[in-house]
Amino acid sequence: MKIQTLALGLILVQLSFSSCQNQIQEKQNTAKDSTERINQSTDSLLTKIQSQTFQYFWEAAEPTSGLARERIHIDGEYPQNDQNVITIGGSGFGIMGMVVAMDRGFISKEEGTERLSKIMDYLKKIERFEGAWSHWYFGDTGKVKAFSEKDNGGDIVETAFLAQALIVVREYFKSGNNQQKIVAKAADDLWKEINWKHYTNGQNVLYWHWSKTHGFGMNHAIQGFDECLITYVLAASSPSHAIDTAVYNQGWARSGQIKSDLKKFDIPISAKHNAKPGEVGPLFWSHYSFLGLDPIGLKDAYVDYSEIVKNHTKINIAYSAANPKGYKGYGPDKGWGWTASYSIAGYDAHHPDNDKSVISPTAALSSMPYTPKESIAFANYLFKQLGDKVWGKYGFYDAYSETENWYPQRYLAIDQGPIVVMIENYRTGLIWKLFMQADEIQQGLKKLGFTSPDIK
């Protein structure tokens, strides 16, 4: 009897243990399913943002050139009558977005090839300045639209943003079908025709502008840190018109003075920003150069660019948490991110020390590779809390202010483009991989003394 009772007890213990194990496994499975649902939900969210934002560069492209309009106002009001003006830098961002769109199936490769063929033909025909393009053109006529009185010629920084895309297209299409190879060759030719060395004006620094009528009259030397690192990388990488290493070291790196030991919100700034002492610049400084150039693990003799761009973003998040002016809708899981965009009074380069209560969605969304948790939380906040106030035909509108109840239905190419590309770099690293694998970029980075996991 005792033996039977003991046996029965053991059976009950085993059943209880088994039940407990099943419950644990069930909880684990539930947690796993929940994680997968969250991942799937986020994946769908990011695809939605990318696909709709991309339409700015596809459906809404300027028809004669196939390139990106500088701005699109849903209200149809254009005070400067510039609805057909195209932007060279913004078009570069859009071209990289087109590669993303083909790879994700938003458009077919045939459609993308046809559009890119049209774009390459147009870029060949319009006026250039020692191989560089101007900042703006009238899309329908191909004539230069001066950015300012003396800025009526080549803009080597805007050209760099486009050249970054030309290399990406070449790498994406170089092993494709015959038509794709033709597009790849056209992109390669355009990139190699840029005379970067001319833009040094014989000095150990690059100058932003050169005009046939005003020469180097703008006299704007390009020095770090801001959005222009890619200009120096491409200039050093050119197989036909390369700059010397000294131009980088003395120009961009300021002979080592680019280094900074300053902190903001106890976060190291790491590089001297081209801003007032103790300030950081708008977040596009950590985006535009790094659409193709992968900053993760990228170091030169002076600074760690991975640290610079991540800390720049974290400073924005810390500022949103502090919210010293008490603006509505701020917070690391709500609204954050300051950059150059439309503002309540025109256009402004927003940053934590120049806060007008205006948040620009591109700032946080294009920082996704650096701060994915906070960037995705921001995207969810916009959809769930603000909805159609900030979301329209071509993705999120350029800027908004909850404090001022200000929700203009306007877009800028230079803000929409990085969203598509940088979300993709977070998801798959596609554009980073294509650009960083280019032979001349590999050689150029080595020439400048860079180290990176991407350099072979």
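Residues numbered from 1 in each chain as written. Predicted model: local features only at pLDDT ≥ 70, side-chain atom pairs only at ≥ 80, totals over all residues. Heavy atoms only, no water.

A.B. asks: Help me understand the environment of Ile-95, please; the structure alone is not making it clear to me.
C.D. replies: Looking at where Ile-95 falls in the secondary structure, it is placed in helix H2 (residues 88–104). We classify Ile-95 as buried; its relative accessible area is 1%. When the C-alpha positions of Ile-95 and Glu-424 are compared, they lie 14 Å apart, and in sequence the two are 329 residues distant. For Ile-95, the contacting residues outside a window of four places in its chain are Leu-67, Leu-116, Ile-119, Leu-162, Ala-165 and Val-169. (Helix = DSSP H or I, 4+ residues; strand = E, 2+ residues; numbered from the N terminus. Buried < 20%, exposed > 50% of the residue type's maximum accessible area, 1.4 Å probe, protein only. Contact = heavy atoms within 4.5 Å.)

A.B. asks: What is the right way to read the packing of helix H3 (residues 109–125) against helix H5 (residues 178–192) from this model?
C.D. replies: A pair of packed helices can be characterised by two numbers: the angle between their axes and the separation between those axes. For the pair H3 and H5, interaxial distance at closest approach is 9 Å and the crossing angle is 30°. Note on packing geometry: the crossing formed by H3 with H5 is left-handed. Where H3 abuts H5, its residues Lys-109, Thr-113, Leu-116, Ser-117, Met-120, Leu-123 and Lys-124 lie against Gln-179, Gln-180, Val-183, Ala-186, Ala-187 and Leu-190. A class-by-class count of the residues in the contact of H3 with H5 yields seven nonpolar, four polar and two charged. (Axes fitted to C-alpha atoms, helices over the stretch in contact; angles between N-to-C directions. Left-handed = near helix turned anticlockwise from the far one by under 90°. Nonpolar A, V, L, I, M, F, W, Y, C, P; charged D, E, K, R; others polar.)

A.B. asks: So what exactly am I meant to see when it comes to the environment of Val-390 here?
C.D. replies: Of note, Val-390 is situated in the loop between helix H10 (372–386) and strand E13 (391–392). For the pair formed by Val-390 and Pro-361, sequence separation is 29 residues and the distance between their alpha carbons is 8.9 Å. Apart from the residues lying within four places of it in its own chain, the contact partners of Val-390 are Leu-382, Gly-395, Phe-396, Tyr-397, Tyr-400 and Tyr-407.

A.B. asks: Would you take a moment to explain the sheet that holds strand E3 (residues 136–138) for this structure?
C.D. replies: Paired through their backbone hydrogen bonds, the strands of a sheet run either parallel or antiparallel. Sheet architecture is open: three strands sit in the order E2-E3-E4, paired in antiparallel fashion. Edge positions in the open sheet fall to strand E2 (85–87) and strand E4 (144–145), since each of these has one partner strand only. The sheet contact formed by E2 and E3 spans three bridges and is antiparallel. Residue pairing across strands places Thr-87 opposite Trp-136, the latter belonging to E3. (Pairing = 2+ DSSP bridges.)

A.B. asks: Just to check I follow, could you spell out the packing of H3 against helix H4 (residues 156–173) for this structure?
C.D. replies: Viewed as axis vectors pointing N to C, H3 and H4 meet at an angle of 135°, and their least axial separation amounts to 13 Å. In terms of axis orientation, H3 runs oblique to H4. Between H3 and H4 lies a crossing of left-handed hand. Side by side, H3 and H4 meet where Lys-109, Thr-113, Leu-116, Met-120 and Leu-123 of the first sit next to Leu-162, Leu-166, Val-169, Tyr-172 and Phe-173 of the second. (Parallel < 35°, antiparallel > 145°, perpendicular 65-115°, else oblique.)

A.B. asks: I tried to follow unusual backbone geometry on my own but got confused; where do I start?
C.D. replies: Leaving glycine aside, a negative phi is the common case for residues, and trans is the common case for peptide bonds. Along the chain, Gly-224 connects to Phe-225 via a cis peptide bond; the corresponding omega equals 10°. Relative to the helices and strands, Phe-225 is located in the loop between strand E8 (221–222) and helix H6 (229–237). Despite not being glycine, Arg-254 has its phi angle at roughly 55°, a positive value. Mapped onto the elements, Arg-254 comes out in the loop between helix H7 (245–252) and strand E9 (263–264). Not every positive phi belongs to a glycine, and Ser-270 is a case in point at roughly 75°. Take Ser-270: it is sitting in the loop between strand E10 (267–268) and helix H8 (305–322). Under the relative-accessibility criterion, Ser-270 is labelled buried at 10%.

A.B. asks: When you look at the packing of aromatic side chains in this model, what are you seeing that I'm missing?
C.D. replies: Geometry of an aromatic ring pair is reported as the spacing of the ring centres plus the angle between the planes. Scanning the entire structure with this criterion turns up 32 aromatic pairs. Just above the ring of Trp-58 sits the side chain of Arg-115; from NZ or CZ to the centre is 4.0 Å. (Phe/Tyr/Trp six-rings, centres within 6.5 Å; stacked < 30°, edge-to-face > 60°. Lys NZ or Arg CZ within 6 Å of the ring centre and 35° of its normal.)

A.B. asks: Help me out: how do you make sense of the pairing of strand E11 (residues 340–343) in this one?
C.D. replies: Walk down a regular strand and you will see the side chains alternate between the two sheet faces. Summarising the sheet, E11 and strand E12 (residues 346–349) pair through four bridges and their orientation is antiparallel. Paired with Ser-341 across the bridge in E12 is Asp-348. Between E11 and the antiparallel strand that follows it, E12, lie two residues.

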